[in-house]
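Residues per chain are reported as follows:
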Protein chains: 2
Amino acid sequence: MSQKNFSGVLVPALTPFNADLSPDKSSFIEHCRWLLKEKADGLAVFGTTSEANSLTLEERMELLEALIESGISAKLLMPGTGACSIGDSIRLTKHAVDLGCKGCLMLPPFYYKGVSDDGLYAAFSEVIQHVGSDGLKIYLYHIPPVAQVPISLELIGRLISQYPNTVVGLKDSSGDWSNTQAVIREYPDFETFAGSEVFLLDTLKAGGVGCITATGNINPAGIRRVFENWQSDRADELQRRITEVRKTVQNYTMIPALKHLIADYSGKFEWTTVRPPLTGLAEDQSKQLMVDLKTINFSLQAREEEVIA
Amino acid sequence: MSQKNFSGVLVPALTPFNADLSPDKSSFIEHCRWLLKEKADGLAVFGTTSEANSLTLEERMELLEALIESGISAKLLMPGTGACSIGDSIRLTKHAVDLGCKGCLMLPPFYYKGVSDDGLYAAFSEVIQHVGSDGLKIYLYHIPPVAQVPISLELIGRLISQYPNTVVGLKDSSGDWSNTQAVIREYPDFETFAGSEVFLLDTLKAGGVGCITATGNINPAGIRRVFENWQSDRADELQRRITEVRKTVQNYTMIPALKHLIADYSGKFEWTTVRPPLTGLAEDQSKQLMVDLKTINFSLQAREEEVIA
């Protein structure tokens, strides 16, 4: 098997906003630094969890530049660069590649539904050919519950055979383990990431390379421990723990719940801000979330000690 | 009932592309002129049928400017200006209002699914407040089969009561007549347009103001005749005819089918070009479409005579 471009635990970093809904650049950089300190293997910035599609292209590009200027290596970055329009996707992708980002996580065009594999293939092809760089490494972003436009097994195969050095991996956020299994089985050299840490151990055992997961924003070190120890006796126990945390958080609307937890941890209330059409957690919900996490003995503070133990 | 801002038959004009997928500005202007000559009451440019979400913001703004510079009155234009990101929607909307467009057809932010009415209300509010112009007249674009994010009756009510001079109408592309009926019943002074001419006569009888319909691109005059004669004895017969044409065309993938028909009518083969992720009609499909239309005695050429008859 060839050397992997990315593997381990990547985090679709949350995007913090000021009260006026503008991006809070310094909190973004601070959060990204913290994730890396907590051993995240990379940052899949501008994913679904990052509210990327609620940002303008200019905001995304400015935030990416700020991150790299702050000293975070572009080699750790896999920005989301898929868009409804090929032109937008080319612009974002070219920008990311020019900055040296080691990968791009690419949504299919997601406005039109029920489109054919031929059409999606042509859309990805256009982007690849217009960017025209050996430095481009694409991770396909399969997230049918949100995008409503799936990336089929057959489409993956066509893209790999046409662009073997460019289309190198996939994030499977279908929540359908049988699909993740099928991708890994069909394309064993492909870098397949689970879209949730719930499937991390299973993914690694099957031959996948890791996970790119929303809850990585609050539990990066815990999830990383499963990756480090997946062949050890403790793997099942460690997996059970991160699954427990994930399942507790995902009882709530994920993005505002994660932002609430970071606000609580950092002491910065502004972190609770989300951009419409998302809404913040209601007060009773955010209180219940804290109670639920306490019940399972999880807190961002305690977690750090847990990592050391 | 107050004077209507828009009424009648509006056409979401198709966007022609050159072979390299760039927008063909002159064919666009020519098509829009033809639609107006054929008695369309207005042009809902940059709608779903226009492949608007496959265009960049810059392309949309340039095409709109070109249209107005060519001499088409901005008073006839209702460009689509909704987007996933509030910032993009503000930019498009401000541009359209500054150019004097008499309305904007606004999609809700459509990436996140299952969002609340509170979140959608906040998104529309942000756009309205940032544009901050009395000249802004919004037509909400309810198209759940594609956007997958509906605009509920309650949300319409909240927007109308907060912004009575700005949120003035809706295009209902749900395909669900009971929803159109409910909107008209609840908000009788609202300018409700059916999203398909199949519902035109029913919409007008119920108190709606017209339709904004994809097939207006090929049958504007026929559809306009129903609008002109909806209270006459011939209304049902005229409605039957436009329904027959619509149902024949919608057996095919709508956008490439319409583009094929315009290519055939104009003799410009380039008209068949669609942007990925859409794909053109297969040759057997486009042949069958022509056969089907011949069977019901419809052609763009013959239609002109039919109008005169």
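Residues numbered from 1 in each chain as written. Chains lettered and ligands numbered in written order. Predicted model: local features only at pLDDT ≥ 70, side-chain atom pairs only at ≥ 80, totals over all residues. Heavy atoms only, no water.

**Q** An account of the relation of the copies chain A and chain B is needed here, citing residue identities and associated values.
**A** Mapping chain A onto chain B is achieved by rotating through 180 degrees and translating by 0.0 Å along the same axis, at an RMSD of 0.0 Å. Seen this way, the second copy is the image of the first under a two-fold rotation axis. When the interface residues of chain A are mapped onto chain B, 100% of them again lie at the interface, so the same face is used by both copies. (Least-squares fit on C-alpha atoms with pLDDT ≥ 70 in both. Contact = heavy atoms within 4.5 Å.)

**Q** Before we move on, can you summarise the nonpolar core with the specific residues and values?
**A** Counting residues in each nonpolar core, the largest one holds 181 residues, and the members touching the most others are L140 of chain A together with L140 of chain B. Setting aside residues no more than four positions away along its own chain, L140 of chain A makes contact with L105, M106, F124, I151, I156, L159, V167, G169, L170, K171 and F190 of chain A. In terms of nonpolar packing, the next biggest core, distinct from the first, is built from 15 residues, L204, C211, I223 and F227 of chain B among them. (Core = buried A, V, L, I, M, F, W, Y, C linked by side-chain atoms within 4.5 Å. Buried < 20%, exposed > 50% of the residue type's maximum accessible area, 1.4 Å probe, protein only.)

**Q** Can you explain the packing of aromatic side chains? Please cite residues and give values.
**A** For any pair of aromatic rings, the description consists of the separation of the ring centres together with the inter-plane angle of the planes. All names here are of chain A. As enumerated under the stated definition, the model contains 17 aromatic pairs over all chains in all. Their ring planes at 10 degrees and their centres at 6.0 Å tell us that W177 and F199 sit as a pair that is stacked. Of this pair, W177 sits in helix α7 (residues 177–186) while F199 is found in the loop between β6 (191–194) and α8 (200–206), placing the two residues 22 residues apart along the sequence. For the cation-ring pair, K102 lies above F6, with the distance from its terminal atom to the ring centre recorded as 5.0 Å. (Phe/Tyr/Trp six-rings, centres within 6.5 Å; stacked < 30°, edge-to-face > 60°. Helix = DSSP H or I, 4+ residues; strand = E, 2+ residues; numbered from the N terminus. Lys NZ or Arg CZ within 6 Å of the ring centre and 35° of its normal.)

**Q** An account of the sheet that holds strand β1 (residues 8–11) of chain B is needed here, citing residue identities and associated values.
**A** Residue and element names in this part refer to chain B. Spatial ordering of the open sheet is given by β2-β1-β7-β6-β5-β4-β3, a layout of seven strands whose pairing is parallel. A strand with exactly one partner marks an edge of an open sheet, and here the two such strands are β2 (42–43) and β3 (104–106). Two strands pair when backbone bridges link them, and strand β5 (residues 167–172) and strand β6 (residues 191–194) are joined in this way by four bridges, in the parallel orientation. In the sheet register, L170 faces β6, and the bridge partner there is T192. (Pairing = 2+ DSSP bridges.)

**Q** Just give me the short version of helix α2 (residues 57–69) of chain B, but keep the residues and values in it.
**A** Residues and elements named next belong to chain B. In a regular helix each residue adds 1.5 Å, so 13 residues correspond to 18 Å; α2 covers 18 Å between its end C-alpha atoms and thus fits that length. Those residues of α2 that are buried lie in contact with α1 (25–37) and α3 (86–98). Just past α2, the residue G71 takes up positive phi, approximately 115 degrees. (Expected span 1.5 Å × (residues − 1).)

**Q** Quick rundown of the pairing of β6 of chain B? Include the residues and the values.
**A** Residue and element names in this part refer to chain B. The two faces of β6 match: E191 and F193 on one face and T192 and A194 on the other face are all buried. Relative to strand β7 (residues 210–212), β6 runs parallel, the two sharing two bridges. Directly across from F193, in β7, lies its bridge partner G210. In terms of handedness, the path from β6 via helix α8 (residues 200–206) over to β7 forms a crossover that is right-handed. (Right-handed = clockwise from strand over helix to strand, strands pointing away.)

**Q** Kindly report on the sheet that holds strand β5 (residues 167–172) of chain A, identifying the contributing residues and their values.
**A** Whenever strands of a sheet pair, they do so through backbone hydrogen bonds, lying parallel or antiparallel. A sheet is described by the order of its strands in space; here seven strands give the open sequence β2-β1-β7-β6-β5-β4-β3 (chain A), paired in parallel fashion. On the outer flanks of this sheet lie β2 (42–43) and β3 (104–106) of chain A, each paired with one strand and no other.

**Q** Give me the lowdown on the interface of chain A and chain B, citing residues and values where you can.
**A** With 40 residues of chain A in contact, the opposing surface of chain B contributes 41 residues. A combined buried area of about 3000 Å² lies between chain A and chain B, and 65% of that area is made up of carbon and sulfur atoms. Our count for the chain A to chain B interface comes out at zero salt bridges. Taken together, the connections running from chain A to chain B amount to ten residue pairs in polar contact (both at pLDDT 80 or more). Residue assignment for the side of chain A that touches chain B shows that the elements contributing at least two residues are α3 (86–98), α4 (117–131) and α5 (144–147) of chain A. The greatest single-element share of the side of chain A that touches chain B, amounting to six residues, is contributed by α4 of chain A. Grouping the amino acids of the side of chain A that touches chain B by side-chain chemistry returns 22 nonpolar, eleven polar and seven charged. (Buried area = accessible area lost by both parts, 1.4 Å probe. Salt bridge = Lys/Arg side-chain N within 4 Å of Asp/Glu carboxyl O. Polar contact = N/O pair within 3.5 Å; in protein donor to acceptor, adjacent residues only side chain to side chain. Nonpolar A, V, L, I, M, F, W, Y, C, P; charged D, E, K, R; others polar.)

**Q** So what's going on with the pattern of salt bridges? Residues and values would help.
**A** Going through the model one piece at a time under the given rule, you end up with 28 salt bridges over all chains. When the shortest N-O distance is used, the salt bridge between E283 of chain B and K287 of chain B registers 3.3 Å. With E283 of chain B and K287 of chain B both in helix α12 (residues 283–295) and four residues apart, this pair spans about one turn of that helix. Residues E283 of chain B and K287 of chain B agree in their burial class; the two are exposed. The network of salt bridges with shared partners includes K39, D41, R224 and E228 of chain A.

**Q** Lay out the environment of T49 of chain A in plain terms, naming residues and giving numbers.
**A** All names here are of chain A. Relative to the helices and strands, T49 is located in the loop between β2 and α2 (57–69). T49 sits 122 residues away from K171 along the chain, and the two C-alpha atoms are 13 Å apart. Apart from the residues lying within four places of it in its own chain, the contact partners of T49 are P12, L14, A214, N217, I255 and L258.

**Q** Describe the packing of helix α1 (residues 25–37) of chain A against α2 of chain A, and please don't skip the residues or the numbers.
**A** Residue and element names in this part refer to chain A. Packing of α1 against α2 brings their axes to within 10 Å, and their N-to-C directions diverge by 55 degrees. Taken as axis vectors, α1 and α2 run oblique relative to one another. α1 and α2 meet at a crossing whose hand is right-handed. Contacts between α1 and α2 involve K25, F28, I29 and C32 on the former and, on the latter, E62, L63, A66 and L67. (Axes fitted to C-alpha atoms, helices over the stretch in contact; angles between N-to-C directions. Parallel < 35°, antiparallel > 145°, perpendicular 65-115°, else oblique. Left-handed = near helix turned anticlockwise from the far one by under 90°.)

**Q** Hey, could you go over α3 of chain A for me, with residue numbers and the actual values?
**A** Residues and elements named next belong to chain A. When the terminal C-alpha atoms of α3 are compared, their 18 Å separation across 13 residues agrees well with the 18 Å that a helix rising 1.5 Å per residue should span. Here α3 has its buried residues at I86, D88, S89, I90, L92, T93, H95, A96 and V97. Contacts from the buried residues of α3 go to α2, β3 and α4. Note on α3: the residue one or two positions beyond its end, G100, has a positive phi of about 95 degrees.

**Q** So what about the confidence of the model for chain A? Which residues, and what values?
**A** The predicted structure's coordinates, where accompanied by low pLDDT, should not be read in detail. For chain A, mean pLDDT is 96; residues scoring 70 or higher make up 97% of the total. Overall, residues 303–309 of chain A carries pLDDT values under 50, and its contacts beyond four positions in sequence, including any with other chains, amount to 15 contacts. (pLDDT = per-residue confidence, 0-100.)

**Q** Pulling in residues and values, what's your account of the pairing of β5 of chain B?
**A** Residues and elements named next belong to chain B. Counting buried residues along β5, six of its six residues qualify, which places the element largely inside the surrounding structure. Of the pairings in the sheet, the one linking strand β4 (residues 138–142) to β5 comprises five bridges and is parallel in character. Residue pairing across strands places I138 opposite V167, the latter belonging to β5. In terms of handedness, the path from β5 via helix α7 (residues 177–186) over to β6 forms a crossover that is right-handed.

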